[in-house]
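Report on the structure
As a plain string of letters, each chain reads:
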Amino acid sequence: EKLEEMHRTKMPVSMEMRLILPDRQTKWIQNNVAPRFDGDILTGMSGVNIDITDKKLAADQIRNQNERLKAMISALPDLIFVTDRSGKYLEYFKSELSDTLIYPEDKLIGSSVKDIFGEETGELHLQKIGECLDTQKLVSYEYMFERGDVSRYFEARVVPLENDKVLRFIRDFTERKIKDNELK
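In this report, the structure presented in the accompanying data block is examined. In this text the structure is predicted, and so the values were computed from the model without any measurement.

**Observations regarding the pattern of salt bridges**
Going through the model one piece at a time under the given rule, you end up with twelve salt bridges. Among the salt bridges present, the one from lysine 56 reaches glutamate 16, with a minimum N-O distance of 2.9 Å. Of the two residues, lysine 56 is situated in helix H2 (residues 53-75) and glutamate 16 in strand S1 (residues 13-20); the sequence distance between them amounts to 40 residues. Here arginine 63 ties to aspartate 60 by a salt bridge, and the two come within 2.6 Å at their closest N and O atoms. Residue arginine 63 and its partner aspartate 60 are both found in helix H2; the two are separated by three residues, about one turn of the helix. We classify arginine 63 as partly exposed; its relative accessible area is 43%.

See the structure below:
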């Protein structure tokens, strides 16, 4: 297939090959071939083979890690956000088990915690984000969010990431709070 491409385009091609060695070890080789033509006749080829086994193994490891992370995220009932020190939303993740976002998804990225929660609760989030980044430790706290006459209760768990960013896990515990209040 690659040789046909090389004949058709008269351009160099690159292909990956898996080799099974006599000791049953697998090696991956990237074969780079440049053709030499005299008119339409292939008169020769020159090439370089590069051992890309380590690169392939690293790519497989990253793919496997990503699959595990996707599985873990899909099992969490939490909403997960990446925010920076200023409270700007950079990314979010939610599973089918996660609660619905309280802000339109298409407007979330780039907005700030104060845009979403207002001045007082937004300031609480900024304080906890700063505390997490300054101490480089997990910070947990609870907060209430009111929309109209409906109050929702949330637990936030904030962990530091790289470059002045945090990962925020948000869990709605309104039902538990209502039940606890009914028991009192």
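**As for the side chain of aspartate 78**
Counting through the fold element by element, aspartate 78 comes out in the loop between H2 and strand S4 (79-84). Judged by its relative accessible area of 8%, aspartate 78 is buried. Of note is the side chain of aspartate 78, whose polar atom sits 2.5 Å from the side chain of arginine 171.

**A word on the nonpolar core**
In this structure, Phe81, Tyr89, Phe117, Tyr141, Tyr143, Val166 and Ile170 are the most contacted members of the largest nonpolar core, which totals 20 residues. Counting residues per element, the ones that place at least two in this core are S4, helix H4 (113-135), strand S6 (139-147), strand S7 (150-160) and strand S8 (165-172). Not counting chain neighbours up to four residues away, the residues in contact with valine 166 comprise Phe81, Val82, Thr83, Ile129, Cys132, Leu133, Val158, Val159, Pro160 and Leu161.

**Points about unusual backbone geometry**
In this structure, lysine 10 is a non-glycine residue whose phi angle is positive, near 60°. With respect to the secondary-structure elements, lysine 10 resides in the loop between helix H1 (2-9) and S1. Note on lysine 10: relative accessible area 35%, which makes it partly exposed. Its identity is not glycine, yet aspartate 164 carries a phi of approximately 60°, on the positive side. Structurally, the position occupied by aspartate 164 is in the loop between S7 and S8.

**Description of the packing of aromatic side chains**
For the coordinates displayed, the defined rule picks out six aromatic pairs. Aromatic side chains phenylalanine 81 and tyrosine 89 sit 5.2 Å apart centroid to centroid with 80° between the ring planes, which places their arrangement in the edge-to-face category. Residue classification places phenylalanine 81 among the buried positions, given a relative accessible area of 6%. By the ring-pair criterion, three or more aromatic residues cluster together here, those being Phe117, Tyr141, Tyr143, Phe145 and Phe154. One Lys or Arg, lysine 177, reaches over the ring of tyrosine 153 and ends 5.2 Å from the middle of that ring.

**What to know about the pairing of S6**
Bridging between S6 and S7 involves nine bridges; their strand directions are antiparallel. Paired with serine 140 across the bridge in S7 is arginine 157. Linkage of S6 to S7, two consecutive antiparallel strands, is achieved through a turn of two residues, within which glycine 148 is found at a positive phi near 65°.

Criteria and thresholds
Residues numbered from 1 in each chain as written. Predicted model: local features only at pLDDT ≥ 70, side-chain atom pairs only at ≥ 80, totals over all residues. Heavy atoms only, no water. Salt bridge = Lys/Arg side-chain N within 4 Å of Asp/Glu carboxyl O. Helix = DSSP H or I, 4+ residues; strand = E, 2+ residues; numbered from the N terminus. Buried < 20%, exposed > 50% of the residue type's maximum accessible area, 1.4 Å probe, protein only. Polar contact = N/O pair within 3.5 Å; in protein donor to acceptor, adjacent residues only side chain to side chain. Core = buried A, V, L, I, M, F, W, Y, C linked by side-chain atoms within 4.5 Å. Contact = heavy atoms within 4.5 Å. Phe/Tyr/Trp six-rings, centres within 6.5 Å; stacked < 30°, edge-to-face > 60°. Lys NZ or Arg CZ within 6 Å of the ring centre and 35° of its normal. Pairing = 2+ DSSP bridges.

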